[in-house]
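Below are the chains, spelled out letter by letter.
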Amino acid sequence: MRNVYLITAFVGALIFSIFGLRGTKFTSPPIDVFPEWAFPSMRHQPKFRPQSASNFFADGRADRMPPEHVVRADLPVRNDDHLYYGKDATGAFAPGFPAALTVDGKFLARGRDRFTLYCLPCHGAVGDGQGITKQYGMGATPTYHDDRLRNMAEGEIFNTITNGSPNKNMLTYADKLVPEDRWAVIAYLRALQRAQQGTVAEALSASDQNEVAKARKELGLK
Ligand code: HEC
């Protein structure tokens, strides 16, 4: 009979130790069975917590300011308004691309790559707003091929990518595209617009146009 009490107590303790404190958050460190000096576990390290006090410095603060003239890699100097904010010196959205960037084939290829990844699902491969998300009920995606977006300053498009669209139906891509990539996407967006707008006269030399005209005639096309 005594064993029954013992076993019940044991099973009770076992169940409690396994399930009893599941999900509980502890604020103090666990009990150290083995002393730190004998078995260093790196659980105890001398340190100051952020914004705590310290008697070591005259001002009593543990946090220190970086010494003067220090350049911190995590705080880049963003002294190019056009490149980083899409704005000109007056604070208006700047037209065109920042002088620091070279818009060439490589840049456009990068833009297409990023566009395909981040914009195409909604805006569609040709920028007509007919991406796959439309089939799933996201009907608000506009086409790039209207005069408002054709005439919009590059800086304002940059602002849309950085901060999301005015009505917030499109969220920010600042966490996915570094500023240079945003500009590359804009260059590709412009290429998409031109692709729907360009005329034969713009794209082909006079002799090529003659060739095309001849071929069309032979094929019986207008
Ligand atoms: C989740 C779907 C979605 C994705 C992905 C998306 N957009 Fe949009 N985009 C929208 C919608 C919806 C609007 C309409 C804006 C609104 O009504 O707020 C819009 C609007 C725009 C506009 C017009 C803003 C204006 O002022 O009218 C531009 C330019 C644009 N998107 C560019 C991009 C670019 C570049 C990318 C990729 C980096 C992108 N979008 C990715 C859904 C998306």
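Everything discussed here concerns the structure shown above.
In every chain, residue numbers begin from 1 and rise along the written sequence. In keeping with the model being predicted, local features are shown solely for residues with a pLDDT of at least 70 and side-chain atom pairs are shown and tallied solely at 80 or more, while totals for entire chains, interfaces and linings include all residues. Excluding hydrogens and water, the side-chain values take into account all heavy atoms of the structure.

*Asks:* Any chance you could explain the coordination of the iron atom of the ligand here in plain terms?
*Replies:* Coordination angles at a metal have ideal targets, namely 109.5 degrees for four tetrahedral donors and 90 or 180 degrees for six octahedral donors. Protein-derived coordination of the iron atom of the ligand comes from His-123 (NE2) and Met-170 (SD), at a distance range of 2.0 to 2.1 Å. Coordination geometry of the iron atom of the ligand: the six donor atoms subtend angles of 87 to 178° at the metal centre, consistent with an arrangement described as octahedral. Of this pair, His-123 sits in helix H4 (residues 120-123) while Met-170 sits in the loop between helix H7 (154-163) and helix H8 (179-197), and the two are 47 residues apart along the sequence. As a rule, N, O and S atoms within 2.8 Å of a metal are its donors, except that Na, K and Ca use 3.2 Å; water is not among the atoms, so sites may look incomplete. Labels for metal geometry use angle windows, namely 85 to 135 degrees for all angles of a four-donor tetrahedral site, and for square planar (four donors) or octahedral (six donors) sites opposite donors over 155 degrees apart plus all others within 65 to 115; sites meeting none of these are irregular. We count a stretch as a helix when DSSP gives it H or I for four or more residues in a row; a strand needs E for two or more, and each element gets its number in order from the N terminus.

*Asks:* Where do I start with the side chain of His-82 in this structure?
*Replies:* Mapped onto the fold, His-82 is located in helix H2 (residues 81-85). For every residue, the accessible area (1.4 Å probe, protein chains only) is compared with the maximum for its type, and the residue is labelled buried under 20%, exposed over 50%, or partly exposed between those bounds. Residue classification places His-82 among the buried positions, given a relative accessible area of 17%. Contacts are assigned to residue pairs that have any heavy atoms within 4.5 Å of one another. Among all residues touching His-82, those that are not within four sequence positions of it are Lys-87, Ala-94, Pro-95, Gly-96, Phe-97, Pro-98 and Trp-183.

*Asks:* Is there a simple way to think about the site of the ligand in this case?
*Replies:* Think of it this way: one heavy atom of a residue within 4 Å of a molecule or strand is enough to make that residue near it. Around the ligand lies a shell of 24 residues, among which Cys-119, Cys-122, His-123, Arg-148 and Met-170 are the nearest. The separation between a nitrogen atom of the ligand and a polar side-chain atom of His-123 is 2.8 Å. Residues adjacent in sequence count toward polar contacts only when both atoms are side-chain atoms; beyond that, a polar contact is any pair of N or O atoms within 3.5 Å, and within protein one must be able to donate a hydrogen and the other to accept it. Here Arg-148 contributes a side-chain N or O atom positioned 2.5 Å from an oxygen atom of the ligand. Contributions of two or more residues to the shell around the ligand are made by H4, helix H6 (147-151) and H7.

*Asks:* Is there a simple way to think about the packing of aromatic side chains in this case?
*Replies:* Between rings of Phe, Tyr and Trp, where Trp is taken as its six-membered ring, a pair exists when centres lie within 6.5 Å; planes separated by under 30 degrees are stacked, by over 60 edge-to-face, and by other angles tilted. For the structure on display, the rule yields seven aromatic pairs. Through a chain of ring-to-ring contacts, the aromatic side chains of Phe-97, Phe-158 and Trp-183 assemble into a single cluster. For a lysine, the NZ atom is tested; for an arginine, the CZ atom; a charge sits over a ring if that atom is within 6 Å of the ring centre and within 35 degrees of the ring normal. Of note, Arg-64 hangs over the ring of Phe-57, and the distance from its end group to the ring centre comes to 3.8 Å.

*Asks:* Looking at this structure, how should I read the pattern of salt bridges?
*Replies:* Working definition: two side chains of opposite charge can pair if their charged atoms are close together. Salt bridge, as applied in this entry: a Lys or Arg side-chain nitrogen positioned within 4 Å of an Asp or Glu carboxyl oxygen. One pass over the full model with this rule turns up 10 salt bridges. When the shortest N-O distance is used, the salt bridge between Asp-147 and Arg-150 registers 2.7 Å. Of the two residues, Asp-147 and Arg-150 are both situated in helix H6; the distance of three residues between them amounts to about one turn of the helix. Its salt-bridge partner being Arg-190, residue Glu-154 comes within 2.9 Å of it at the nearest N-O pair.

*Asks:* Where do I start with the environment of Ala-125 in this structure?
*Replies:* Within the fold, Ala-125 resides in the loop between H4 and helix H5 (132-135). Classification of Ala-125 as partly exposed rests on a relative accessible area of 48%. Each C-alpha atom, one on Ala-125 and one on Arg-112, is 9.6 Å from the other, the two residues being 13 residues apart in sequence. With residues up to four places along the chain from it excluded, the contact list for Ala-125 reads Phe-115, Leu-120 and Leu-192.

*Asks:* Would you mind showing me how to read helix H3 (residues 105-118) here?
*Replies:* Each α-helix winds once per 3.6 residues, and so residues spaced three or four apart point in a common direction. Compared with the 20 Å implied by 1.5 Å per residue over 14 residues, the 20 Å span of H3 between its first and last C-alpha is a close match. Here the buried face of H3 lies against H4 and H8. To estimate how far a helix should reach, multiply one less than its number of residues by 1.5 Å.

*Asks:* Quick question: what am I supposed to make of the environment of Leu-192 here?
*Replies:* Position of Leu-192 relative to the elements: it lies in helix H8. On a C-alpha basis, the gap between Leu-192 and Ala-125 in space is 8.8 Å, while along the polypeptide they are 67 residues apart. In contact with Leu-192, not counting residues within four places along its chain, are Phe-115, Ala-125, Val-126, Gly-127 and His-145.

*Asks:* Explain the packing of H7 against H8 to me, please; I cannot follow it from the model alone.
*Replies:* Each packed pair of helices is defined by two parameters, the angle between the axes and the distance between the axes. One way to put it is that H7 packs onto H8 with a least axis distance of 10 Å and a crossing angle of 120°. The orientation of H7 with respect to H8, classified from their angle, is oblique. Considering how the two elements wind past one another, H7 and H8 form a crossing that is right-handed. Residues Glu-154, Gly-155, Ile-157, Phe-158, Ile-161 and Thr-162 of H7 pack against Pro-179, Arg-182, Trp-183, Val-185, Ile-186, Leu-189 and Arg-190 of H8. Looking at the contact of H7 with H8, its residues break down into eight nonpolar, two polar and three charged. Every axis in this analysis is a line fitted to C-alpha atoms, fitted for helices over the stretch in contact. Angles between the N-to-C directions lie between 0 and 180 degrees. Here the word oblique covers every angle except those under 35 degrees (roughly parallel), over 145 (roughly antiparallel) and from 65 to 115 (roughly perpendicular). Each crossing is labelled by how the near helix is turned from the far one, with a counterclockwise turn of less than a right angle marking it left-handed and a clockwise turn marking it right-handed. Polar here means any residue outside two lists: the nonpolar Ala, Val, Leu, Ile, Met, Phe, Trp, Tyr, Cys and Pro, and the charged Asp, Glu, Lys and Arg; Gly therefore counts as polar.

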